[in-house]
Amino acid sequence: MSSSAGANGAPVKSTGLHVGEPAPGVKKVDPIIVADGIKRQFGGLTAVDVEHLEIPRGAITALIGPNGAGKTTLFNLLTGFDKPNEGTWTFDGQSISGVPAFRVARKGQVRTFQLTKALGLLTVLDNMKLGAKGQSGESLARALFPWFWRKEEQEIEARAIDLLTRFKLDAKKDDYAASLSGGQRKLLEMARALMSQPTLVMLDEPMAGVNPALTQSLLDHILDLKKEGMTVLFVEHDMHMVRHIADWVVVMAEGRVVAEGDPHEVMANPAVIDAYLGSHHDQDLGDPDTGVVTAIKELADDDADESKH
Amino acid sequence: MIDWLLLFSNAAQEIISPTTAAYALAALGLAVHFGFTGLLNFGQAGFMALGAYGYAIATLTFGWPVWGAVLFGIVASIVFALILGVPTLRLRADYLAIVTIAAAEILRLLFTTNTFEPVTGSANGLQGYKGGFEDLNPIPAGTYGFGPWVYNEYDWWVRIFGWGLVALAALITWRLMKSPWGRVIKGIREDEDAVRALGKNVYFYKMQSLIIGGVFGSLAGMIFILPRAVVPSNYQTSLTFFIYAILLLGGAATVLGPILGSVVFWVLLSFFSGFVARAVEAGWLPFMSSVQAGQLRFILVGVAIMLIVIYRPQGILGNKKELAFVK
Ligand SMILES: Nc1ncnc2c1ncn2[C@@H]1O[C@H](COP(=O)(O)OP(=O)(O)OP(=O)(O)O)[C@@H](O)[C@H]1O
Ligand SMILES: [Mg+2]
């Protein structure tokens, strides 16, 4: 179950990320995020209650779990968009608990949103340029004098067009982002996040609404990010995709981390199926997540078959 | 009979009148706030009052020179922007709207109350502050101009100064909005969380925008009082809404829109008020007293603005394409 290179072009998986037995909160060899005792309550509802979580550096980590598990809320907390009731966390060894969202982003931890936030009445190219960090023309005093920032602007534009080409959006660069399709907006948001050259990208359901033909190229982009040395943390409901690209999987349910491990181990973990079926385990209520459960079971069976051969 | 030539000539005068310039500049400030940044400032009248009173009080009470008085009005509006912005700009957009509308009214009432009569002149307002500005006038005494635009040296000086300020403010706004700074500002209008996620200090940018638009409003207040006296009842909430009407008329996210909007607004207002007054005199509207007729002009301007907004909802200079995506 180690790195499964090449045969059918399958991506190279990073292994040996953890120390000791994979279990919720397991230590990582080189963690980029370490979170402790994070709790977020909305009224009486505990949306997130994570005792300890480490995200491995230089790898692709998937955060999965049924609807309402607290994945997006955890994203919001880690990126400073929401404040927990208690808890501390570090990014790259620095404490970033309570640090405002824009500062977190400047440190190199950049996220996208589950509900895509394309800036509709900006052109696609302007959306991209906005992503670049530390622009001198963004200071009010210099903005008035183009000669301070014209050269920088050209460099940023070149980089933006390069990224847009990779995401097959270059033909749209002068259109308003509002004119893009839902899937194209997902792509734009991801490309825009990359403009800031982050060390950690956090993608909240990057594939939702992206057509299958495009999914493959998006997967390739995410794998490329890893090759370039970035760390990726993403939320996703598509188990096939999770197994295809994730090096590590964290499973949440009802706010807690209930399982961790490499994709194959996690899919075989009964706790994961429990998490998806929740308390309706024995009742056949046409649970909305049974699709996911079926996928998990299939994937676990695949693994079993493979290991027999 | 109605003297049409006089009507048109009076309307044409509004094209370059200092009041038109003042409204244009105030609307440009609102364009920065609302059109470009998405800030709902309903207190532009307050910023204008601060410019007007700031200039007049610094001149009359402190005896300051023109430049000092102008600076005083500007600083007052910056302080006002900070007071409004610090508590509200972190909150949802509607909080700024509520706070600005209330704060502008508080200002107006403070200027009206008898308590500060020696400084503010209370309900009578202030006058006699124009000397310093007159002394700066480089134009030799006399009357100049052609057609409907014949004025003495002071009136020309007021117009040149007022429209010069409008041109300068428009140039600055245009430069800013084409810069990376303007890109951040427009991004905030579209979705401030997305901009935050890209590492921009949204709060700081919104504050800068509030200050810039507020200073434009303050300067507009100074232009506004050059051809008249400072009277507190001029700075009612309705003033803010006239300026919003001008902004939407011209195109909210444009630089020249607010200026053109102000010209159209004042030309229409002058034309209709002249027309209604003459029509009553000529007995065309026998069912109306001249007081009622005075109100009718606003109704007619309202109808004209409605027609423009219905048939050109993006404003005269607005971009039609943008409209297809308005949420
Ligand atoms: N702002 C809020 N106010 C109240 N409750 C909230 C808020 N945000 C999230 N919740 C609740 O917290 C829980 C976790 O929500 P969250 O959005 O994190 O789920 P998720 O794991 O991202 O689900 P999905 O896969 O559907 O996106 C849910 O029960 C949700 O109702
Ligand atoms: Mg979610």
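About the cut-offs
Residues numbered from 1 in each chain as written. Chains lettered and ligands numbered in written order. Predicted model: local features only at pLDDT ≥ 70, side-chain atom pairs only at ≥ 80, totals over all residues. Heavy atoms only, no water. Contact = heavy atoms within 4.5 Å. Salt bridge = Lys/Arg side-chain N within 4 Å of Asp/Glu carboxyl O. Polar contact = N/O pair within 3.5 Å; in protein donor to acceptor, adjacent residues only side chain to side chain. Helix = DSSP H or I, 4+ residues; strand = E, 2+ residues; numbered from the N terminus. Nonpolar A, V, L, I, M, F, W, Y, C, P; charged D, E, K, R; others polar. Domains from an automatic or database assignment. Buried area = accessible area lost by both parts, 1.4 Å probe. Donors = N, O, S within 2.8 Å, 3.2 Å for Na, K, Ca; no water. Buried < 20%, exposed > 50% of the residue type's maximum accessible area, 1.4 Å probe, protein only. Pairing = 2+ DSSP bridges. Axes fitted to C-alpha atoms, helices over the stretch in contact; angles between N-to-C directions. Near = heavy atom within 4 Å. Areas by Shrake-Rupley, 256 points an atom, 1.4 Å probe, with all protein chains shown as cover. Patch = residues over 30% accessible without salt bridge, like charges linked within 9 Å, V, L, I, M, F, W, Y side chains within 5 Å.

**Describing the interface of chain B and chain A**
Quoted interface sizes are often the accessible area lost when the parts come together.
Here comes step 1: If you look at the interface, chain B gives 30 residues, while chain A gives 33 residues.
Here comes step 2: Joining chain B to chain A, the criterion identifies three salt bridges.
Here comes step 3: One salt bridge in this structure joins B:Arg183 and A:Glu153, with 2.7 Å as the shortest N-O distance.
Here comes step 4: Our count for the chain B to chain A interface comes out at 10 residue pairs in polar contact (both at pLDDT 80 or more).
Here comes step 5: At the level of secondary structure, the elements contributing two or more residues to the side of chain B that touches chain A comprise helix 8 (153–177), helix 9 (180–190), helix 10 (192–197), helix 11 (202–225) and helix 15 (320–323) of chain B.
Here comes step 6: Grouping the amino acids of the side of chain B that touches chain A by side-chain chemistry returns 12 nonpolar, six polar and 12 charged.

**Notes on the domain arrangement of chain A**
Residues and elements named next belong to chain A.
Here comes step 1: When its domains are assigned, chain A resolves into domain 1 (18–118 + 182–308) and domain 2 (120–179).
Here comes step 2: Summarising the inter-unit geometry, the C-alpha centres of domain 1 and domain 2 are found 29 Å apart.
Here comes step 3: Contact residues are listed per partner, giving 20 residues for domain 1 and 18 residues for domain 2.
Here comes step 4: Here domain 1 and domain 2 share an interface that buries about 1,700 Å² over both sides, 62% of which is from carbon and sulfur atoms.
Here comes step 5: Viewed at the interface, domain 2 and domain 1 are joined by one salt bridge.
Here comes step 6: Between Glu228 and Arg166 there is a salt bridge whose closest N-O contact spans 3.6 Å.
Here comes step 7: Taken together, the elements giving at least two residues each to the side of domain 1 that touches domain 2 come down to helix 2 (101–106), helix 6 (182–194) and helix 7 (212–227).
Here comes step 8: It is helix 6 that provides the largest number of residues to the side of domain 1 that touches domain 2, a total of eight residues.
Here comes step 9: In terms of residue class, the side of domain 1 that touches domain 2 is built from nine nonpolar, five polar and six charged.

**Some words on the coordination of the magnesium ion (ligand 2)**
By definition of the ideal shapes, four donors in a tetrahedron about a metal sit 109.5 degrees apart, and six donors in an octahedron sit 90 or 180 degrees apart.
Residue and element names in this part refer to chain A.
Here comes step 1: Those protein atoms acting as donors to the magnesium ion (ligand 2) are Thr72 (OG1) and Gln114 (OE1), and they sit at 1.9 to 2.1 Å. Of this pair, Thr72 sits in helix 1 (residues 71–78) while Gln114 sits in the loop between strand 8 (109–111) and helix 3 (124–131); the two residues are 42 residues apart in sequence, bridging distant segments of the chain.
Here comes step 2: On the basis of relative accessibility, which here comes to 34%, the residue Gln114 falls in the partly exposed class.

**Re the sheet that holds strand 8 of chain A**
One key point about sheets: their strands pair by backbone hydrogen bonds, in either a parallel or an antiparallel sense.
Residues and elements named next belong to chain A.
Here comes step 1: The six strands lie next to each other as 8-9-10-5-11-12, forming an open sheet whose pairing is mixed. Every interior strand has two partners, whereas the edge strands, strand 8 and strand 12 (256–261), have only one. Strand-to-strand twist of the sheet, defined as the mean angle between neighbouring strand axes without regard to direction, takes the value 20 degrees.
Here comes step 2: Two strands pair when backbone bridges link them, and strand 11 (residues 248–253) and strand 12 are joined in this way by five bridges, in the antiparallel orientation. Paired with Val251 across the two strands is Ala259, which belongs to strand 12.
Here comes step 3: Seen against the sheet, helix 7 touches strand 5 (60–64), strand 9 (200–204) and strand 10 (231–235) and runs at an angle of roughly 130 degrees to strand 5.

**Looking at the site of ligand 1**
All names here are of chain A.
Here comes step 1: As a structural note, the neighbourhood of ligand 1 is formed by 13 residues, with Asn67, Lys71, Thr72, Thr73 and Gln114 the closest of them.
Here comes step 2: At 2.9 Å from an oxygen atom of ligand 1 is found a main-chain nitrogen or oxygen belonging to Gly68.
Here comes step 3: With respect to ligand 1, the side chain of Thr73 contributes an N or O atom lying 2.5 Å from an oxygen atom.
Here comes step 4: Protein chains shield 62% of the accessible area of ligand 1, which is 640 Å² for the free molecule.
Here comes step 5: Elements that contribute at least two residues to the shell around ligand 1 include exactly strand 4 (45–56) and helix 1.

**Comments concerning the pairing of strand 4 of chain A**
Residue and element names in this part refer to chain A.
Here comes step 1: The sheet contact formed by strand 3 (residues 31–42) and strand 4 spans 10 bridges and is antiparallel. Pairing of Ala35 across the sheet is with Leu53, part of strand 4.
Here comes step 2: Two successive antiparallel strands, strand 3 and strand 4, enclose a turn made up of two residues, where Gly43 displays a positive phi of approximately 60 degrees.

**Description of the pattern of salt bridges**
Two side chains bearing opposite charge may form a pair once their charged atoms approach each other closely.
All names here are of chain A.
Here comes step 1: By the definition in use, this model includes 22 salt bridges over all chains.
Here comes step 2: Note that Asp30 is salt-bridged to Arg57, the shortest N-O span being 3.0 Å. Taken as a pair, Asp30 in the loop between strand 2 (27–28) and strand 3 and Arg57 in the loop between strand 4 and strand 5 lie far apart in primary sequence, 27 residues in all.
Here comes step 3: Given a relative accessible area of 38%, Asp30 falls into the partly exposed group.

**Quick notes on a nonpolar patch on the surface**
Here comes step 1: On the surface, a cluster of nonpolar side chains totalling about 660 Å² of accessible area is made up of B:Ile299, B:Val303, B:Met306, B:Leu307, B:Ile310 and B:Tyr311.
Here comes step 2: Taking the relative accessible area as the measure of exposure, B:Val303 reaches 40% and is therefore partly exposed.

**Some thoughts on the pairing of strand 5 of chain A**
A regular strand places its side chains so that they alternate between the two faces of the sheet.
Residues and elements named next belong to chain A.
Here comes step 1: The buried fraction of strand 5 amounts to five of the five residues, a majority that puts the element mostly inside the structure.
Here comes step 2: Sheet topology places strand 5 next to strand 10; four bridges connect them, and they run parallel. Each residue of the ladder has a partner; that of Leu63, found in strand 10, is Val235.
Here comes step 3: In this structure, strand 5 lies alongside strand 11, joined through four bridges in parallel fashion. Bridging from a neighbouring strand, Ile64 pairs with Val251 of strand 11.

**Describing the sheet that holds strand 4 of chain A**
All names here are of chain A.
Here comes step 1: Here four strands make up an open sheet; going across it, the order is 4-3-6-7 and the pairing antiparallel. Looking at which strands have only one partner, the edges of the open sheet turn out to be strand 4 and strand 7 (94–95).
Here comes step 2: One ladder, built from five bridges, connects strand 3 with strand 6 (residues 86–91); its direction is antiparallel. Each bridged residue has a counterpart across the sheet, and for Val34 the counterpart in strand 6 is Thr90.

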